[in-house]
Amino acid sequence: MSENKIPYKIYLNEEEMPKAWYNLRADMKNKPAPLLNPGTGQPLTAEEMSGIFCEELVAQELDNDTKFFEIPDEIREFYKMYRPSPVVRAYCLEKALGTPAKIYYKFEGNNTSGSHKLNSAIAQAYYAKKQGLKGVTTETGAGQWGTALSMACAYLGLDCKVYMVKVSYEQKPFRREVMRTYGASVTPSPSNTTNVGRKILEEFPDTTGSLGCAISEAVEVAVSNEGYRYVLGSVLNQVLLHQSVIGLETKTALDKYGIKPDIIIGCAGGGSNLGGLIAPFMGEKLRGEADYRIIAVEPASCPSFTRGTYAYDFCDTGMICPLAKMYTLGSSFIPSANHAGGLRFHGMSTVLSQLYHDGLMEATSVEQTSVFEAAEQFARTEGILPAPESSHAIRVAIDEALKCKETGEEKTIVFGLTGTGYFDLVAYQQFNDGKMTDYIPTDEEIAASVAKLPQVPGQE
Ligand SMILES: *Cc1c(COP(=O)(O)O)cnc(C)c1O
């Protein structure tokens, strides 16, 4: 197709929206390592998991073989409120950069929660409702996941209890009020409402919290309240499965115009948006049908892939959750108060960890101020105020486009624009005032938390 026939924004119609989620694990030769019971060191059984998670989600979590999971009609109906989401050519950014590269982004910020997290929130809330539960508990960092889950629970009539990382609770009061408007209860974490929260507060009274702490609290509340289960917005296999809707739509949109990406870029906190965006492309790569350069971008302040260790670790600070084999900085690692709250997790999806370990994707880390410089350039050229998390991907997309400028290569770059930054204006204010700093953990700090990795029988 000739270039001038390609629209600025590629929209799909409702019929072109995926009817099934794609399970990348089915195409992986080396499957991601199973979650382990921390007590026995043995793989978690469906029965053990069903005390924490909804049954249908447990089945999805454990299934490494079924390639497609049909998306229930009720979820597709909900998706239609904000999907399919557009793939947009960043012409103005390209022009400003003077690059021969073609830059596309998949925009997931077009819903009130402001991020891709709603794709999995509605799925998880739906299965909880179907199981007849009263409600769900969860943690939220920057607040996008908590907001998404609150929206999904309001839609389905489920109770929603959110533990919000304290630094975000204080920095983002408006985010909290959106959740409360959707009917959720929001507690700053660590709190004295749980045993694990009280323990953490006793040891670290001044802590600003972390995702790992908040997860511990939310799990404790779920397992000690009848009719409640815990849901998680990232990291898990089931979440990557639901997020495959991002990649499937992207692939359909690009295929429609014969566009083949050379480089696919996404920010990586727990790995859900990146895992979803790359799923069908990585599937082709695993099946030997196509090749792509895939780049995970993480903050230099929380560099799980680039400076972490591939080992079994707890997903939470309180060490009550199952063990996952992943690139981790250690569950006791508490990252500095970086503004990209959604990327402040010590570990990484087991699926992406395995792919990275097998050399099927790359990772890089970027510093906060350079991320906000990219955010500013993007906002001024493309008009959208990006989330700080998403801006990690923007940074590397710009860097790759600038490399093309030097070499004259017309590469096609696709990145995930996971959300908008309207609740991140305290961070933008710091940047605009020239007061933003970059914090990079020392090798000693990382070594200290990695030294506390759990001993697992049969593991190094
Ligand atoms: C949560 C979040 C992320 C990071 O989470 P992943 O699971 O790694 O995708 C990225 N961008 C936005 C806008 C988020 O809300």
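Residues numbered from 1 in each chain as written. Predicted model: local features only at pLDDT ≥ 70, side-chain atom pairs only at ≥ 80, totals over all residues. Heavy atoms only, no water.

### Some remarks on the overall build of the chain
In terms of regular secondary structure, the chain is built from 18 helices and 15 strands. The C-alpha radius of gyration of the chain comes to 20 Å, within 12% of the 23 Å expected for a compact globule of 460 residues. Projected onto the principal axes, the alpha-carbon positions of the chain cover approximately 60 × 50 × 50 Å. Evaluated residue by residue, the chain yields a buried proportion of 64% over its 460 residues. A sequence separation of at least 24 residues applies to 77% of the contacts in the chain between residues at least 6 apart. Accessible area for the chain stands at about 17100 Å²; split by element, carbon and sulfur atoms hold 49% of it. (Helix = DSSP H or I, 4+ residues; strand = E, 2+ residues; numbered from the N terminus. Rg over C-alpha atoms; globule rule 2.2 N^0.38 Å. Buried < 20%, exposed > 50% of the residue type's maximum accessible area, 1.4 Å probe, protein only. Contact = heavy atoms within 4.5 Å. Areas by Shrake-Rupley, 256 points an atom, 1.4 Å probe, with all protein chains shown as cover.)

### Re the nonpolar core
Counting 77 residues, the largest nonpolar core has Trp21, Ile75, Tyr79, Met282, Leu355 and Met361 as the members making the most contacts within it. Top element by residues in this core is helix H5 (residues 118-130). It accounts for eight residues. (Core = buried A, V, L, I, M, F, W, Y, C linked by side-chain atoms within 4.5 Å.)

### Observations regarding the pattern of salt bridges
Tallying each qualifying case throughout the model produces 25 salt bridges. For Arg89, the salt bridge is made with Glu94, and the minimal N-O distance between the two is 2.7 Å. You can call Arg89 buried: its relative accessible area is 4%. In this structure, Arg293 engages Glu362 in a salt bridge whose closest nitrogen and oxygen atoms are separated by 2.8 Å. On the criterion of sequence distance, the pair formed by Arg293 in strand E11 (residues 293-299) and Glu362 in strand E14 (residues 362-366) is long-range, its members being 69 residues apart. Each member of the salt-bridge network shares a partner with another, and the members are Asp27, Lys67, Arg287 and Glu289. (Salt bridge = Lys/Arg side-chain N within 4 Å of Asp/Glu carboxyl O.)

### Things to note about the site of the ligand
Close to the ligand lie 18 residues; Lys117, Ser234, Gly269, Ser272 and Thr418 are nearest. Within the side chain of Ser272, one N or O atom sits 2.7 Å away from an oxygen atom of the ligand. Interatomic distance of 2.7 Å between a side-chain N/O atom of Thr418 and a nitrogen atom of the ligand. Considered on its own, the ligand offers 380 Å² of accessible surface; in the complex 99% of this is hidden by protein. Residues belonging to the shell around the ligand are distributed by class as follows: four nonpolar, 12 polar and two charged. (Near = heavy atom within 4 Å. Polar contact = N/O pair within 3.5 Å; in protein donor to acceptor, adjacent residues only side chain to side chain. Nonpolar A, V, L, I, M, F, W, Y, C, P; charged D, E, K, R; others polar.)

The quantities given are spatial measurements derived from coordinates; they are silent on function.
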